[in-house]
Amino acid sequence: MRGSESRRITVTVEHPLVGAVALELLDVAAALPFERFDVLHLSLRQVEQIDVTGIVALVRLFSHVRRFGKRVRFTEVGDNVGKTLESIGLSDVVDVVPRSALHDASVVVRLPA
């Protein structure tokens, strides 16, 4: 692990990045303790939906963090959100770590009670 990786902060998005609620991410970005980290891990594990407003919020968050000389990594990204980020080219400028890369290949099957 590189030295800068040890100085990271993780923020977990706990709702879909759609509509006005997606813009709350900008308030989070404004309150980040930039002196405490070099890499922001933005966990999208609970994000199953993203719309244009969500994309705008992610781009603005990325730009804001970069102004402070910090890096951003989107982690635990689900398939649908990952495909959206890839289709618009955002995955070309931000590290995107798929949810599947962080978990083993086991499958959980829930049987009816």
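Residues numbered from 1 in each chain as written. Predicted model: local features only at pLDDT ≥ 70, side-chain atom pairs only at ≥ 80, totals over all residues. Heavy atoms only, no water.

(A) Structural detail: the overall build of the protein chain. In terms of regular secondary structure, the protein chain is built from five helices and four strands. Shown N-terminal to C-terminal, the secondary structure of the protein chain runs as helices and strands in the order α-β-α-α-β-α-β-α-β. A fraction of 75% describes how many contacts in the protein chain between residues 6 or more apart in sequence connect residues 24 or more apart. For the protein chain, the accessible area works out to roughly 7,000 Å², and carbon and sulfur atoms hold 52% of it. (Helix = DSSP H or I, 4+ residues; strand = E, 2+ residues; numbered from the N terminus. Contact = heavy atoms within 4.5 Å. Areas by Shrake-Rupley, 256 points an atom, 1.4 Å probe, with all protein chains shown as cover.)

(B) Inspection of the confidence of the model for the protein chain at higher detail. In this model, the protein chain carries a mean pLDDT of 87, and residues with pLDDT of at least 70 account for 85%. Within the model, the stretch residues 104–111 combines pLDDT values under 50 with zero contacts to residues more than four positions away or in other chains. (pLDDT = per-residue confidence, 0-100.)

(C) Quick look at the pairing of strand β4 (residues 95–98). Across three bridges, strand β3 (residues 71–77) lies against β4 in parallel orientation. The residue bridging Val-77 from the neighbouring strand is Pro-98, located in β4. A crossover connection joins β3 to the parallel β4 through helix α5 (residues 79–87); in handedness this β-α-β unit is right-handed. (Pairing = 2+ DSSP bridges. Right-handed = clockwise from strand over helix to strand, strands pointing away.)

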